Amino acid sequence: MATAALTEPHVLAGAKARLFPEDGTDAYAVVDTQFAQDRWIDDRRIDPDVQDLLAPFNHVQVGSGYPDLVGVPALENDLLAVDRVGDHPPLLAVEAKGRTATGTADVERGIVQAYDRLDEANVAMVAAPAGSIPQSARTLAREVNVGILAVAEDGTVSPEIRPRVVGARPTGEADAIRFQASAQGVADRNFGLNHPKNYLAYPLALVHEGDTETVLAERVVGATDAARVGAAFLDLIEDRPDGPRLTPLGEEAVRFGLREYGSVDAALDQFREWKRSRKRFCDLAPRWGQLTRRVVYQYPATQLLVDRLQRLADDGQPEPSLVELVEYCHETHPTFTVELFLRGTDDVRQRVLTAEGDLRPEALTDGGVYHSPTVFQLKTMLYHAGLVTETGVEPSNLDPEGETWALRDPLSRFR
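Residues numbered from 1 in each chain as written. Predicted model: local features only at pLDDT ≥ 70, side-chain atom pairs only at ≥ 80, totals over all residues. Heavy atoms only, no water.

## Section: the environment of Y66
Alright, step 1. For Y66, the location among the structural elements is in the loop between α2 (48–54) and β2 (69–72).
Alright, step 2. For Y66, a relative accessible area of 35% corresponds to the partly exposed category.
Alright, step 3. Here the alpha-carbon distance between Y66 and A150, two residues 84 residues apart in the chain, equals 21 Å.
Alright, step 4. Apart from the residues within four sequence positions on either side, Y66 is in contact with D32, H59, V60, Q61, E95 and R117. (Helix = DSSP H or I, 4+ residues; strand = E, 2+ residues; numbered from the N terminus. Buried < 20%, exposed > 50% of the residue type's maximum accessible area, 1.4 Å probe, protein only. Contact = heavy atoms within 4.5 Å.)

And the structure:
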């Protein structure tokens with residue numbers, strides 16, 4: 001990476017690669033949509049390889065502005081003075097400053113911008129080309145608790161100032177990024193199975209005296225890995241390195257099975273009878289359907305979707321299309337909407353989002369831009385739980401303008 005090439009996109013790509021290595025777990029970051037464009041501010045073309053490193057893109061408000069990068073890094077990151085605050089990994093905001101046509105980088109301005117992010121972020125940093133950081137900037141950064149990362153010509157990144165982690169808790173759009181970094185986030189993950197019974201059975205199989213995977217494969221579903229991952233998404237289990245453990249919600253699912261059937265073994269025998277059933281689960285097994293509704297409703301994405309669908313129904317639009325739903329959600333929850341519905345690849349985010357983070361409505365008519373775990377698997381689970389009227393559709397077969405998202409029982413029906 002030559003010195004002349006250390007523009008903001010190059011600097012930010014280096015910082016992101018250091019802060020969020022590809023093998024990082026429970027980590028997630030997005031870069032502002034201004035970097036998704038083909039050309040940078042001074043009309044220099046952004047290298048496609050750099051864009052690949054920067055993706056995915058979103059326009060996330062933190063404090064009073066929109067940082068160049070927002071993310072939740074792995075706790076082991078050695079660029080922080082303190083690893084964590086409480087039970088949550090830190091939310092990080094980064095501002096990048098590259099060399100301009102005059103060869104300078106406005107690092108002190110970046111520090112002021114980063115400091116503003118500490119209203120909601122736990123950590124704020126500035127990334128700048130090595131050799132462009134004056135002593136005055138280092139002094140200012142220490143005073144306001146902003147970290148400085150120096151990006152060298154070869155792409156290596158060194159901490160000039162290590163910031164302390166503060167106790168701010170994001171309450172706005174930045175919370176969507178924390179969600180994506182959690183075990184329940186949909187980024188780079190998938191509900192591999194679209195029937196909730198396969199996930200509800202996992203806690204029962206886990207406490208069964210037999211081998212969990214064998215019991216699950218024989219009585220419920222052969223895709224045991226997908227069942228485990230989905231059970232973790234729905235907070236029925238905690239998928240730990242030493243093996244899965246029941247969460248309080250998972251324990252309640254086991255108690256329900258014991259109450260209904262007298263034993264875990266008998267409850268799993270009932271699941272065997274439901275194998276390959278295509279009938280709506282809440283109609284096939286109404287009591288299990290009620291438990292499914294409770295479990296699925298606790299998933300954060302469900303709560304947003306149900307609330308928005310109810311508001312649309314109240315406004316006289318009880319059967320919105322997928323395009324209409326996404327546009328409506330984006331008005332009030334833009335970050336969460338983008339993360340939930342749109343694929344994270346740079347070409348999709350570039351097609352759908354402007355540099356200011358606004359939607360391009362014409363791009364929403366292409367089924368290929370949508371995230372399968374939401375429009376197919378999650379929607380199908382909401383259908384089986386009795387929350388929506390139709391099952392989900394794979395993006396390859398999706399007609400976004402003809403795909404209906406509607407509550408099965410909107411409250412407006414009873415008003």
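We are not done yet, so read on.
## Focus: the confidence of the model for the chain
Residues shown with low pLDDT carry predicted positions that ought not to be read at fine detail.
Alright, step 1. On average, the chain scores 88 in pLDDT, and the residues at 70 or more come to 91%.
Alright, step 2. Per-element mean pLDDT across the chain ranges from 79 in helix α5 (residues 175–181) up to 96 in helix α9 (residues 248–261). (pLDDT = per-residue confidence, 0-100.)

## A word on the pairing of strand β3 (residues 92–96)
Alright, step 1. Extensive coverage of β3 is indicated by the burial of five of its five residues.
Alright, step 2. Burial along β3 is two-sided: L92, V94 and A96 and A93 and E95, pointing in opposite directions, are all buried.
Alright, step 3. Relative to β3, β2 runs antiparallel, the two being bridged by three bridges. Following the sheet pairing, G71 is matched in β3 by L92.
Alright, step 4. Looking at chain direction, β3 and strand β4 (residues 123–129) are connected through five bridges and run parallel. Across the sheet, residue V94 finds its bridge partner in β4, namely M125. (Pairing = 2+ DSSP bridges.)

## Topic: the packing of aromatic side chains
Alright, step 1. Inspection of the entire model under this criterion finds seven aromatic pairs.
Alright, step 2. Note on F271 and W274: the rings are 5.1 Å apart at their centroids and 70 degrees apart in plane angle, and the pair reads as edge-to-face. Grouping residues by exposure puts F271 and W274 together as buried.
Alright, step 3. Between W274 and F281 the ring centres are 5.3 Å apart and the planes differ by 85 degrees, which places this aromatic pair in the edge-to-face class.
Alright, step 4. The class of W274 is buried, set by a relative accessible area of 7%.
Alright, step 5. One aromatic cluster is present, formed by F256, Y261, F271, W274, F281 and W288 through successive ring pairs.
Alright, step 6. Positioned above the aromatic ring of Y383, the side-chain terminus of R280 is 4.0 Å from the ring centre. (Phe/Tyr/Trp six-rings, centres within 6.5 Å; stacked < 30°, edge-to-face > 60°. Lys NZ or Arg CZ within 6 Å of the ring centre and 35° of its normal.)

## Looking at the environment of L118
Alright, step 1. Structurally, the position occupied by L118 is in the loop between α3 (107–116) and β4.
Alright, step 2. The spacing of L118 and N145 is 27 residues in sequence and 9.1 Å in space, taken between C-alpha atoms.

## Re the packing of helix α6 (residues 197–207) against helix α10 (residues 264–273)
Each packed pair of helices is defined by two parameters, the angle between the axes and the distance between the axes.
Alright, step 1. Closest axis-to-axis distance for the α6/α10 pair is 10 Å, and the angle between their directions is 150 degrees. Viewed along their axes, α6 and α10 adopt a mutual orientation that is roughly antiparallel. Between α6 and α10 lies a crossing of left-handed hand. Residue-level inspection shows K197, L200, A201, L204, A205 and V207 of α6 in contact with α10, the latter providing V264, A267, L268 and F271.
Alright, step 2. Grouping the constituent residues of the contact of α6 with α10 by class yields nine nonpolar, no polar and one charged. (Axes fitted to C-alpha atoms, helices over the stretch in contact; angles between N-to-C directions. Parallel < 35°, antiparallel > 145°, perpendicular 65-115°, else oblique. Left-handed = near helix turned anticlockwise from the far one by under 90°. Nonpolar A, V, L, I, M, F, W, Y, C, P; charged D, E, K, R; others polar.)

## Thoughts on unusual backbone geometry
Generally, phi is negative for residues other than glycine and the peptide bonds are trans, each holding for most cases.
Alright, step 1. In this model, A55 is joined to P56 through a cis peptide bond whose omega is 5 degrees.
Alright, step 2. Checked against the element boundaries, P56 lands in the loop between α2 and β2.
Alright, step 3. Positioned with a positive phi, D235 is a non-glycine residue whose angle comes to about 65 degrees.
Alright, step 4. Looking at where D235 falls in the secondary structure, it is placed in the loop between α8 (224–233) and β7 (237–240).
Alright, step 5. In this structure, R276 takes a positive phi of about 65 degrees despite not being glycine.
Alright, step 6. Take R276: it is sitting in the loop between α10 and α11 (281–284).
Alright, step 7. Classification of R276 by relative accessible area gives exposed; the value is 73%.

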